[in-house]
Amino acid sequence: MTRKSEDAGRSTIRDVAARAGVSASTVSRVLGGVYPVSSATRTRVMRAVRDLDYVADARAKAVAGVGTPTLAFVLEDITGPSFAHMAHGVEREARRLGHLCLVCTTEGDVQHEVEFVEMMRAQRAAAVILVGGSADTIEYRERTRRMADSLASAGSRLVLCGRPPLGPGAPVTVIEYDNEGGAYALVAHVLTQGHQRVLFLGGASDHTTAQGRERGYLAAHRARGLDPDPALLLHGDFTRDSGHRLMREALKEGLDFTAVVAATDMVAAGALTALHEAGLDVPGDVSLAGYDDIPFARDLHPALTTVHVPYEELGRLAVRTALGRTPETTDDHLLLGTHVVVRDSVGRVGQA
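Throughout this document, residue positions are counted from 1 along each chain, in the order its sequence is written. For this predicted model, a pLDDT threshold of at least 70 governs which residues receive local features, and a threshold of 80 or more governs which side-chain atom pairs are given and counted, while totals over whole chains, interfaces and linings are taken from all residues. Note that water and hydrogens are dropped before the side-chain values are worked out from all heavy atoms of the structure.

J.: So what's going on with the pairing of strand S3 (residues 127-131)? Residues and values would help.
T.: Most of S3 sits out of view: five of its five residues are buried. Neither face of S3 is open: one carries Ala127, Ile129 and Val131, the other Val128 and Leu130, and all of them are buried. Summary of the burial criterion: residues with accessible area below 20% of their type's maximum are buried, those above 50% are exposed, and those between are partly exposed, where the area comes from a 1.4 Å probe applied to protein chains only. In this text, helices come from DSSP runs of H or I with a minimum length of four residues, and strands from runs of E with a minimum of two, each type numbered from the N-terminal end.

And the structure:
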């Protein structure tokens with residue numbers, strides 16, 4: 001097939017405008033993402049883009065002076081310290097390689113995520129990086145596979161960073177860290193200090209990141225012949241407020257424990273405040289550990305024992321890997337290591 005015949009069958013921006021009932025300039029505003037457009041108009045335009053399988057003409061973009069290659073970084077909430085560090089890695093590596101980095105926060109809105117990915121496909125983004133754990137359901141896999149196939153057909157690449165992989169054959173790159181292994185090593189360290197009743201402040205039970213950390217907690221106990229008490233596994237989310245609330249509830253209920261392992265450093269920070277409010281010394285009365293090794297963990301009192309996750313390197317690697325692959329490359333899966341950072345918040349049983 002010749003280039004001319006290929007172009008003849010391709011939908012144009014005017015086709016999208018006609019289908020959506022708006023002007024071509026409005027379609028440009030929606031796809032450019034730099035002008036305010038009502039949500040109803042945006043939805044109509046993106047539906048037309050999807051129905052017509054529209055992809056922006058790269059030559060037209062270059063003529064218009066907007067030909068800088070782009071990649072997109074999509075996450076639920078950029079205010080979390082770990083994701084902010086990953087975003088920093090993505091942006092620095094993208095800039096080093098001459099790409100513009102666009103950041104989208106979805107606040108957990110799946111439809112918003114899908115529409116943004118469609119927008120990036122229409123704009124011929126070089127890659128789209130989806131970040132953060134998710135519920136690993138059939139619906140998730142089918143939705144994400146559709147996004148991966150759609151991006152690949154436009155010469156782009158989907159990167160899953162800390163998200164559940166899709167299985168063999170999917171045109172995606174998966175970048176992970178040893179989530180479960182990090183939790184195993186951390187809890188093993190706590191247990192070697194003589195603790196046998198360790199409270200776990202986890203995340204949502206259907207969240208894959210939370211599940212991996214809980215599996216590590218359980219495996220470390222069982223490797224030492226210990227059967228963890230189900231009453232010591234509490235679930236919330238990955239925020240400071242969740243850690244504070246869960247810790248207060250555990251103390252109010254009189255749960256018997258000598259150490260606490262929190263699913264994130266933010267959760268640990270909330271738990272630490274609750275322990276101090278209850279007049280308990282850390283680690284004299286209760287030991288405490290977190291996960292992520294975000295910068296302020298070393299500035300808590302006491303400095304927090306935690307698991308270091310190379311978030312910035314994850315971001316840089318996601319960019320390098322995505323831009324170094326072709327749409328035909330399938331099922332790349334890279335795993336980065338984690339390690340325990342021992343500070344002052346975990347002590348031996350009875351050290352006070």
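J.: Break down the nonpolar core for me, citing the residues and quoting the values.
T.: One finds Phe73, Ile129, Leu199, Leu201, Met247, Phe257 and Leu314 to be the most contacted residues of the largest nonpolar core, which totals 64 residues. Segmentation into domains, and thus their bounds, comes from an automatic or database assignment. Two domains each put at least three residues into this core: domain 2 (70-178 + 312-336) and domain 3 (179-309). Grouped together as the second largest cluster of nonpolar side chains are 35 residues, Val27, Tyr54, Val74 and Ala125 included. Grouping buried Ala, Val, Leu, Ile, Met, Phe, Trp, Tyr and Cys residues that are joined through side-chain atoms within 4.5 Å yields what is termed a nonpolar core.

J.: Summarise helix H12 (residues 265-277); cite the residues concerned and give the values.
T.: Between the first and last C-alpha of H12 there are 18 Å, a value that for 13 residues agrees with the 18 Å anticipated at 1.5 Å per step. All of the buried residues in H12 are Asp265, Val267, Ala268, Ala269, Gly270, Ala271, Leu272, Ala274 and Leu275. Buried-residue contacts for H12 involve strand S6 (198-202), helix H11 (240-252), strand S8 (259-262), strand S9 (287-289) and strand S10 (306-308). For this analysis, a polar contact is any N or O atom pair within 3.5 Å, provided that within protein one partner can donate a hydrogen and the other can accept it, and provided that sequence-adjacent residues contribute only side-chain to side-chain pairs. Residue Thr264 occupies the N-cap position of H12, its side-chain oxygen lying 3.3 Å from the main-chain nitrogen of Met266. In the segment just after H12, Gly279 is the residue with positive phi, at about 80°. Expected helix span is given by 1.5 Å per residue-to-residue step, counting one fewer step than there are residues. Contact criterion: two residues are considered in contact whenever any of their non-hydrogen atoms come within 4.5 Å of each other.

J.: Describe the packing of aromatic side chains, with residues and values.
T.: Any pair of Phe, Tyr and Trp rings, taking the six-membered ring for Trp, is counted once the centres come within 6.5 Å. Such a pair is stacked with planes under 30 degrees apart, edge-to-face with planes over 60 apart, and tilted for the rest. Tallied over the entire structure, the rule returns two aromatic pairs. With centroids separated by 5.9 Å and ring planes inclined at 75°, the aromatic side chains of Tyr177 and Tyr311 adopt a geometry described as edge-to-face. With Tyr177 in strand S5 (residues 172-177) and Tyr311 in helix H13 (residues 311-323), this residue pair connects regions lying 134 residues apart in the sequence. Each member of the pair Tyr177 and Tyr311 is classed as buried. Distance and angle both matter: a charge sits over a ring if NZ of Lys or CZ of Arg is within 6 Å of the ring centre and within 35 degrees of the ring normal. For Arg213, the ring lying beneath its charged end belongs to Phe238, and the centroid distance is 5.8 Å.

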